[in-house]
Amino acid sequence: MYETIKYEVKENIGYVTINRPKAMNALNSQVLDELICVFHEIEANKDLRAVILTGEGRAFVAGADIVEMSKMHPIEAREFAIKGHNVMNFIENVRVPVIAAVNGFALGGGCELSMACDFRIASEKAKFGQPEVGLGLIPGFCGTQRLSRLVGKGMAKYLIYTADMIGAEEAHRIGLVEKVVAPEELMAECEKIAQTIASKAPIAVALSKDCINNGFNADMKTASQYEVNAFGIPFASADFIEGTSAFIEKRKAEFKNK
């Protein structure tokens, strides 16, 4: 079905792999189109509890496809940016948590793709950066906005203005990455985290994600009200009954996504 990505489901965890290793998994129009399709598929699958997103070979995603972009005029470039923003925004707001398993280069559009995920687990070999200004460009898939929100305005400006490429440990230090592991442990660690998330109440996880995403850039009064409004929703769910019953009965909860 997909030509530039691989998608599979194991139990209740989805695995999405960008599969253009000869092009270092560069994001061209086809990859973006297929990503939005697969994440719509993920959104519709109510049995899924988490998703792991990674890249085939030695790169997560080495950037947007420069060959394709080199042929664009300004209007086409703007449309390409709109497409990229739509993909990143959909991934950011998809119902289930998305874990970026950053196995190698995450540059330009690849760094932007990782930032659209809920959090990033990086191999010790991973490299991050927004090198666009060195090509006469600026980040176009929301890098100027998400990077500043993750690492602060000053650090985002430093990384974007200098086009500096940083390693996984530095990315962790500045808050771009949540955890760094040995390359051979990357997928196992991401699966462990995904399985932990999968063991929790799906409705509660989804609502927590929604509250964080929607409240993050709001004033505290608005964000607090958003949380208050969401708080009562799980009380009508079977998951709430199961979770509280399991706690009282001192047993493990078995959530059914209802």
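Placed above this text is the structure.
Small disclaimer: the values here were computed from a predicted structure and weren't measured.

Next up on the list: the packing of aromatic side chains. One pass over the full model with this rule turns up three aromatic pairs. Ring centres of F231 and F235 lie 5.3 Å apart, and the angle between their planes is 55 degrees; on these two criteria the pair is classed as tilted. Each residue in the set F231, F235 and F240 is aromatic and connected to the rest through ring pairs, giving one cluster. Its end group placed over the ring of Y15, K10 keeps NZ or CZ at 4.9 Å from the ring centre.

A few words now on the sheet that holds strand β1 (residues 5–10). Reading across the sheet, the six strands line up as β1-β2-β3-β5-β7-β10 and stay open at both edges, with mixed pairing between neighbours. Two strands lie at the open edges of the sheet, namely β1 and β10 (179–181), each paired on one side alone. Strand-to-strand twist in this sheet, taken as the mean axis angle between neighbours without regard to direction, amounts to 20 degrees. Note: strand β5 (residues 98–102) against strand β7 (residues 119–123), four bridges, orientation parallel. Note that in β7 the partner of A101 across the bridge is I121.

With that settled, the discussion passes to the sheet that holds strand β9 (residues 165–167). Pairing within the open sheet is mixed, and its four strands lie in the order β4-β6-β8-β9. The open sheet has two edge strands, β4 (59–61) and β9, and neither has a second partner. Taking the axes of each pair of neighbouring strands and ignoring which way they run, one obtains an average angle of 20 degrees across the sheet. Of the pairings in the sheet, the one linking strand β6 (residues 105–107) to strand β8 (residues 127–129) comprises three bridges and is parallel in character. Note that in β8 the partner of L107 across the bridge is G129. Contacting β4, β6 and β8, helix α4 (residues 109–116) crosses the sheet at an angle of about 75 degrees to β4.

Cut-offs used in this document
- Residues numbered from 1 in each chain as written.
- Predicted model: local features only at pLDDT ≥ 70, side-chain atom pairs only at ≥ 80, totals over all residues.
- Heavy atoms only, no water.
- Phe/Tyr/Trp six-rings, centres within 6.5 Å; stacked < 30°, edge-to-face > 60°.
- Lys NZ or Arg CZ within 6 Å of the ring centre and 35° of its normal.
- Pairing = 2+ DSSP bridges.
- Helix = DSSP H or I, 4+ residues; strand = E, 2+ residues; numbered from the N terminus.
- Axes fitted to C-alpha atoms, helices over the stretch in contact; angles between N-to-C directions.
- Contact = heavy atoms within 4.5 Å.

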